[in-house]
Amino acid sequence: MNILAWSPDGEMLAVPGLKNDVVMYDRDTAEKLFTLRGDHFEPICFLSWSPNGKYMATSGLDRQVLIWDVDKKQDIDRQKFSECVSCVAWKPLGNALAVIDVMGKYGVWESAVPSTMKSPTEDIPGLNSKNGNGFLLFDEDEAPSVSGNLSDLNEDNHDELETPSRKRLRKHSSYSDDWEEDCNDELESIPKVESRKKASYGHKENVNSKTGSRNMMVTAGPKIQEAFQPGATPAEPGKRRFLCYNMLGSITTMEHDGYSHIEIDFHDTSSGPRVPAMTDYFGFTMASLNENGSVFANPCKGEKNMSTLMYRPFSSWANNSEWSMRFEGEEVRAIALGNAWVAAVTSLNFLRIFTEGGLQRYILSLDGPVVTAAGHNDELAVVTHISPPLPTDEQMLEFRVFNIPHGTQSLRGRLPVTPGSSLTWFGFSEEGQLSSFDSKGVLRVFTSQYGGSWLPLFSASKLKNSEENYWVAGLNASKLFCVVCKSPELFPQSTPKPVLTLLDLSFPLASSDLGADILENEFMMSNMHLSQIQRSIEERAASGLDTTSLDDESFNLEASLDRCILRLIASCCNGDKLVRATELGKLLTLEKSVRGAIKLVTALKLPNLAERFNNILEEKMLTETLGKTALPNSSSVCNVSTKHDVSSAPDISKTSQGVSAPPMHTFPSIRKQKADEGNGKSEQNHIVASEKTTSVVETKKVTKVNQINPTRPSNPFAKSSSNQENSSLFDSLKKMKKPDIKGK
């Protein structure tokens, strides 16, 4: 122990503890109040209070600097350095922390405290606060110590800005003038730090051409987001926390006397296996869970600075199926599980793929630092940084989706987040749709529409409840599953067990002039689901799989979408938005729906709109007719010839299977023509009743068909059909002649 510090209000004394923690003592009673214990795995060598006493910065021999929220007794941020940091100091005005390491590298950590939290310089306690007599001030006649001049090394010599006591200190020092001159010369030889306005990525180093010394500068401006594990909550001393929480279950841990107690629970206890609790001696900080097993990982710890990855299957035919991997000098940042594979992303930007049995299968190099990862069946999704944040404080993220069994990359692109926010959850929906949620409360789902786009399906700002934060657990096609936390809490406590809240997915629509926001949202959601189903049908059909169930689902969704459109048309008619109603009419899928729209506008006495809907119906029916009669050229020639011949031979038209059936939808004029032809056919049936006339007519028709067939392209289907018709015709003639002969 080589450092201790009083809190700014003089009430507490902070002392580095023996367990890599900070112990707080009461000033009056010297009693131990509480401890700050977090991710330091080696002794603390320096600590410093923020100006308002709400935060504390600690540096350790593990080369880490941690920022603590003293009231909550938990660390809120940390930075890893290449060397041990020997001293830190808070900026008196602003949110920044100056650091210097044992090699002389120094720099400034901007935004040391997250911008969403209270500033470290807000509500600074004054000297006249309670028990303020704990601060020592020099009298006029007292001789100052050397430390008094040390505090004045880099101050400007402006008497009007100094307090009287500081001026007396400088006056009574016999060698202060000479010392200041030497110090000024010394300071001039120190290389200047580059302007903070210049963008930099990570830690930037300057090399002094004269002395060869290196100076480190921490990135100024927006801070790059640290890696996180979906469904995990921060550690709190003495409290149980989540290592993983998803739609299947949860993994919790609680530290006790140097080790942790881990429990795995399933939401549906009837279907999930019963997993015994385990004792954790590694200090795992992240986990992932699926139906087959669980995987755990921890940051670098111990003397060898090693990180551990461990997989535990829930059932196996072999004993000792659990396995673990150690990484020396390489820290696991994110993990994921899938069907028979385990993935880990490390601080070296390595993506490591393992089999369920522990075989090291693949190692890939990613393009940037990892943010998070998630798995679903055969697919693994990884989010990485592609560049420093924009000046608008927008994180520049990229996602990649890998198919592990096939060894392919199915998707890659930018992951959008709201400006000024960070990614807080990432994963797959119950249906396998890639989804993300940011700190501004916006949920996005990836779809194949427009070549692959992210659709915002939920926005917390639309709920108009600023006192609530939403901690996401998962989602399905229509609902978002989350835990509602009262502001300023960002995550739930594991005890008691949090209650999931189901929120409806909805697009963040603008306020419509119709006041039909609910109908418009239903319309857009149904369109999105229909697009997803149609894509699934195409994929299954391409793979040769049965699509019957999806076809039925698609038809039901089309009917539901038509009903929604009809209600929107009614709203447009009531709001006198006839152009919009016409656009909606063109989106109707079923003929029955279009006829319903015509009846609706006719009842509302809108003849112009009814006429437009009639035109839409005729266009739709014509399109369907052309689509059904669109055949290859040879077939079309055969059908035309056959139809021409059959028009005068109704019996052949009834029995022939080579002639295409009439279309389902026809125009009124076409239907009338067909009816006239039907009347002509019925009259011909009376004529055919006569034996002699029938034999002559049918013989002529058969002869005509036989004459046409050799001249047209071969069509085995029409040919066989004609032969069947001819044979059946002669058989019928013979049967009709036999009774007449017997009668004669």
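This text follows the structure it describes.
All values derive from a computational prediction rather than experimental measurement.

Rules used in this analysis
- Residues numbered from 1 in each chain as written.
- Predicted model: local features only at pLDDT ≥ 70, side-chain atom pairs only at ≥ 80, totals over all residues.
- Heavy atoms only, no water.
- Pairing = 2+ DSSP bridges.
- Helix = DSSP H or I, 4+ residues; strand = E, 2+ residues; numbered from the N terminus.
- Axes fitted to C-alpha atoms, helices over the stretch in contact; angles between N-to-C directions.
- Parallel < 35°, antiparallel > 145°, perpendicular 65-115°, else oblique.
- Left-handed = near helix turned anticlockwise from the far one by under 90°.
- Nonpolar A, V, L, I, M, F, W, Y, C, P; charged D, E, K, R; others polar.
- Buried < 20%, exposed > 50% of the residue type's maximum accessible area, 1.4 Å probe, protein only.
- Contact = heavy atoms within 4.5 Å.

Participant: I'm lost on the sheet that holds strand S18 (residues 286–289) in this one. Help?
Facilitator: Strands pair in a sheet through their backbones, by hydrogen bonds, and they do so in one of two ways: parallel or antiparallel. Strand order across the open sheet formed by four strands is S18-S19-S20-S21, with antiparallel pairing between neighbours. Every other strand in the sheet has two partners, leaving S18 and strand S21 (323–328) as the edge strands with one partner each. Averaged over all adjacent pairs, the angle separating strand axes in this sheet is 10°, with direction ignored. As paired elements, strand S19 (residues 293–297) and strand S20 (residues 306–313) share five bridges and run antiparallel to each other. Bridging across to S20, Gly 293 finds its partner in Pro 313.

Participant: Looking at this structure, how should I read the packing of helix H4 (residues 517–542) against helix H5 (residues 548–574)?
Facilitator: Between two packed helices, what matters for the description is the angle formed by their axes and the separation of those axes. Where H4 meets H5, the axes come as close as 9 Å, and the angle between the chain directions of the two elements is 155°. The orientation of H4 relative to H5 falls into the category roughly antiparallel. Considering the relative orientation of H4 and H5, their crossing is left-handed. Taken together, the residues of the contact of H4 with H5 sort by class into eleven nonpolar, seven polar and seven charged.

Participant: So what exactly am I meant to see when it comes to the pairing of S21 here?
Facilitator: As a general feature of sheets, a regular strand has side chains that alternate between the two faces. The alternating pattern of S21 places Trp 323, Met 325 and Phe 327 on a buried face and Ser 324, Arg 326 and Glu 328 on a face that is not buried. Bridge analysis of S20 against S21 gives six bridges, and the strand direction is antiparallel. Residue pairing for S21: Leu 309 is matched across the bridge by Met 325.

Participant: For this particular structure, what's the right way to read the sheet that holds strand S14 (residues 241–245)?
Facilitator: Taking strand neighbours across the sheet as the criterion, the four strands line up as S14-S15-S16-S17 in an open arrangement whose pairing is antiparallel. Taken across any chain shown, the strands that pair with only one partner, and hence form the sheet edges, are S14 and strand S17 (278–280). Shown here is a sheet whose adjacent strand axes are inclined to one another by a mean of 30°, direction ignored. Both strand S16 (residues 259–266) and S17 contribute to a ladder of three bridges, which runs antiparallel. Bridging across to S17, Ile 262 finds its partner in Met 278.

Participant: Please explain the environment of Leu 480 as it appears in this structure.
Facilitator: Within the secondary structure, Leu 480 sits in strand S35 (residues 479–486). The class for Leu 480 is buried, based on a relative accessible area of 0%. In sequence terms Leu 480 and Tyr 470 are ten residues apart; their C-alpha atoms lie 10.0 Å from each other. Among all residues touching Leu 480, those that are not within four sequence positions of it are Phe 437, Leu 443, Phe 458, Val 472, Gly 474, Leu 475, Thr 501, Leu 502, Leu 503 and Leu 505.

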